[in-house]
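Here is what each chain is made of, one letter per residue.
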Amino acid sequence: GDHPDLHSFPTRRSSDLQRLTNFLALHRKSLAIPILSLGELEAYCSTKSVVPEDQNTAFVVASTFESTSTAFGIFVSTTRLLSMMKMSSAIQADATYKLNWHGFPTLVIGTSDMDRKFHPGGIAVTTSETTTDYEFLFRAIHKGVGINYAPRILIADASDAITNGFQNVFGNDITRIYCWAHVIRNTDKKLSLIKDTKARTSVRESIIALQLARSPEEFEFASMLFLKK
């Protein structure tokens with residue numbers, strides 16, 4: 001227990017982690033292409049918009065630039081990822097917060113298989129996270145996958161911008177599903193107000209059972225019984 005190496009291990013580990021963090025930051029900076037203006041960015045995207053022969057090589061599927069408002073959008077994917085999107089009628093979309101480009105948000109779009117594995121369809125860099133930005137994202141995936149691509153299910157958090165952007169592209173006849181992780185976290189905050197542990201557990205288990213409904217009809221009927229209970 002008095003071995004000097006054991007006492008110094010946490011300090012060395014922290015130091016090694018900091019050196020690794022600094023190295024990765026410098027490495028990413030060296031790989032980043034310096035963009036000085038929207039014009040340069042637009043020109044760069046133009047050179048990367050040709051569909052490559054290699055189905056795993058990324059290219060710019062769609063881009064938009066508004067010089068008067070300095071707004072822009074860039075959607076990047078591969079032919080393999082786009083072809084996989086055809087296999088599902090459901091789309092998942094959200095913005096990332098730990099991943100961005102020059103301070104601009106990165107929007108991620110994809111779908112899930114029957115084994116609940118997520119398959120990305122591409123990423124976009126946009127000016128912000130408004131309805132216009134998400135509309136660009138959905139129009140870009142529509143363009144990339146094909147004109148007959150018509151997903152009917154949107155899975156996302158409660159953002160109105162995502163919903164409105166999706167409806168502007170694919171119409172109002174859709175099924176809107178909210179991300180279960182967001183739902184249960186907010187549910188737990190409300191359930192904490194119930195002091196009776198047994199009652200709180202019962203309500204939570206019922207809500208979890210509800211989200212496993214196999215059809216809208218089953219969900220509506222189960223919801224009615226749950227509220228009556």
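One structure accompanies this document, and this report is about it.

Scoring rules and cut-offs
- Residues numbered from 1 in each chain as written.
- Predicted model: local features only at pLDDT ≥ 70, side-chain atom pairs only at ≥ 80, totals over all residues.
- Heavy atoms only, no water.
- Phe/Tyr/Trp six-rings, centres within 6.5 Å; stacked < 30°, edge-to-face > 60°.
- Helix = DSSP H or I, 4+ residues; strand = E, 2+ residues; numbered from the N terminus.
- Buried < 20%, exposed > 50% of the residue type's maximum accessible area, 1.4 Å probe, protein only.
- Pairing = 2+ DSSP bridges.
- Axes fitted to C-alpha atoms, helices over the stretch in contact; angles between N-to-C directions.
- Salt bridge = Lys/Arg side-chain N within 4 Å of Asp/Glu carboxyl O.

1. A few points about the packing of aromatic side chains
Each aromatic ring pair is described using two quantities: the centre-to-centre distance and the angle formed by the ring planes. A full pass over the atoms with the stated rule returns 7 aromatic pairs. Measuring from centroid to centroid gives 4.9 Å for Phe72 and Phe104, while their planes differ by 80 degrees, and the two rings are edge-to-face. Here Phe72 is found in strand β2 (residues 71-77), whereas its partner Phe104 is found in strand β4 (residues 104-112), with 32 residues between them in sequence. We classify Phe72 as buried; its relative accessible area is 4%. For Phe104, a relative accessible area of 25% gives the class partly exposed.

2. A short note on the sheet that holds strand β6 (residues 153-156)
Remark on secondary structure: sheet strands pair via backbone hydrogen bonds, oriented parallel or antiparallel. Read across the sheet, 7 strands follow the order β1-β2-β5-β4-β3-β6-β7 without closing on themselves; strand pairing throughout is mixed. Each edge of the open sheet is held by one strand with a lone partner, namely β1 (59-66) and β7 (175-178). Each adjacent strand pair in this sheet contributes to an overall mean axis angle of 20 degrees, direction not counted. Of the strand pairs in this sheet, strand β3 (residues 90-101) and β4 are connected by 7 bridges, and their pairing is antiparallel.

3. A short note on the pattern of salt bridges
Counted under the stated rule, the structure contains 5 salt bridges. Salt-bridge contacts for Asp16 lead to Arg19; the nearest nitrogen and oxygen are separated by 2.2 Å. Here the residue Asp16 and the residue Arg19 both occupy positions in helix α1 (residues 4-31), the gap between them amounting to 3 residues, near one helical turn. Among the residues examined, Arg19 registers a relative accessible area of 52% and is labelled exposed. One salt bridge in this structure joins Asp188 and Arg204, with 2.7 Å as the shortest N-O distance. Taken together, the residues span a long stretch of sequence, with Asp188 in helix α6 (residues 180-191) and Arg204 in helix α7 (residues 197-210) at a distance of 16 residues.

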